[in-house]
Amino acid sequence: MSDSYQASVARSRQIEERLAVQPGDFRMLTGDRPTGALHIGHYFGSIQNRLRLQQAGAEIWQLIADYQVITDRDSVGEIQDNVRNLVLDNVAAGLDPERATFFTHSAVPALNQLLLPFLSLVSVAELQRNPTVKDEATTAGIKSISGLMLTYPVHQAADILFCKANVVPVGRDQLPHLEQTRVIARRFNERYGATFPEPDALLSSATLILGTDGTKMSKSKGNVVELRMTADETAKKLKGAKTDSDRHITYDPENRPEVANLLQIVSLCEGTDPASIAEEIGDGGGGGLKKRVTEALNETLAPLRARRAELAAEPSYVHEVLRRGNERATEMAETTLAEVREKMRMVY
Ligand code: TRP
């Protein structure tokens, strides 16, 4: 893992360099599971990367991975609300639906059909080794892994390859899926002739932001600031944030992780370094720190929230964005599927 992680980091750096010179060479695809609204971890970790790619001029495909919702849970939950929130959050943050194609798995049959030939290219043993699938099963307390849970990384390869994306901005946990996608592309090309590019991960350089209790962000723990919260809800959430008993604020990630995390958030909002923010707060204590984080976040998110409210007030906005996106994605998937059938000599 560590060797392949180093290799991914190296490739990710090369992409950053090429992106600066030749943005038009890049087709980006990324996806979110519609299991809840986006929070500030998504914002600083991945949305800003998406916006950067969009600004650079890369082509953007934005998947709402609805079939992945039922990998680690039985019920789809509030799926319609969640899909709607994902569109609103991404568009309010700045992704332009005129340029970025927003689409859902369930509305693009030809994408899903690619799963069949791709499944023939992987072994069960290989799927059972995927560390992210194993982690997710453990976290969800799953004892008996479903067929979809085991094979969704192959479906994810279809997500990426149906549009021949060559760059996928992701966090480290997604690297096994990216590697699986590369393997599938390679094997398909070997067996049937050159068809798919081997996509690269674009790793986020942002430090991982923790929840308000200092542990991994998770909606179920109630430790997240959602993008769509009001300024008051944000203040309330941050009032309950964990700090420590030392009133003198210092930036010490090793010994004061909760305080450091809050300073990191201010730093991401203001673009200054966390140690000097700590100095400014000085003896202001946890209260002073929380006040500063609240102000910084509310100011940073204010335009996004205002835009979000405008979009949400337009009755058919989300529906229209998805209708157009699903149409574009279907066209692309049908073209790729036709090529795949041709390569597999399944044209009768
Ligand atoms: N597995 C990703 C997650 O859990 C979501 C996803 C689905 C995705 N398909 C994708 C990410 C394709 C990148 C590319 O967050």
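Conventions adopted
Residues numbered from 1 in each chain as written. Predicted model: local features only at pLDDT ≥ 70, side-chain atom pairs only at ≥ 80, totals over all residues. Heavy atoms only, no water. Domains from an automatic or database assignment. Contact = heavy atoms within 4.5 Å. Buried area = accessible area lost by both parts, 1.4 Å probe. Salt bridge = Lys/Arg side-chain N within 4 Å of Asp/Glu carboxyl O. Near = heavy atom within 4 Å. Polar contact = N/O pair within 3.5 Å; in protein donor to acceptor, adjacent residues only side chain to side chain. Areas by Shrake-Rupley, 256 points an atom, 1.4 Å probe, with all protein chains shown as cover. Helix = DSSP H or I, 4+ residues; strand = E, 2+ residues; numbered from the N terminus. Nonpolar A, V, L, I, M, F, W, Y, C, P; charged D, E, K, R; others polar.

S.K.: Would you mind going over the domain arrangement of the chain with me for this structure?
M.R.: Under the domain assignment, the chain is made up of domain 1 (3–206 + 315–343) and domain 2 (219–312). Computed from C-alpha coordinates alone, the two centres of domain 1 and domain 2 are separated by 30 Å. On the domain 2 side, the residues contacting the 16 residues of domain 1 number 17 residues. Summing both partners gives a buried area of about 1,600 Å² for domain 1 against domain 2, and 71% of it is carried by carbon and sulfur. It is Ile40, Phe44 and Ala92 that lose the most area in domain 1 upon contact with domain 2, and together they represent 35% of the buried surface on that side. Along the contact surface separating domain 1 from domain 2 lie 1 salt bridge. In this structure, Arg308 engages Asp89 in a salt bridge whose closest nitrogen and oxygen atoms are separated by 2.7 Å.

S.K.: Just checking my understanding: could you explain the site of the ligand for this structure?
M.R.: What surrounds the ligand is the set Leu29, Gly31, Arg33, Leu63, Ala65, Gln68, Gln156, Asp159, Ile160, Val168 and Gln174. Note that a nitrogen atom of the ligand is positioned 2.9 Å from one of the side-chain N or O atoms of Gln68. Between a nitrogen atom of the ligand and a side-chain N or O atom of Asp159, the distance comes to 2.7 Å. Expressed as a share of its isolated accessible area of 370 Å², the protein-covered part of the ligand is 88%. Those elements giving two or more residues to the shell around the ligand turn out to be strand S1 (27–32) and helix H8 (147–161). Sorting elements by how many residues they give to the shell around the ligand places H8 first, with 3 residues. Tallied by class, the residues present in the shell around the ligand amount to 5 nonpolar, 4 polar and 2 charged.

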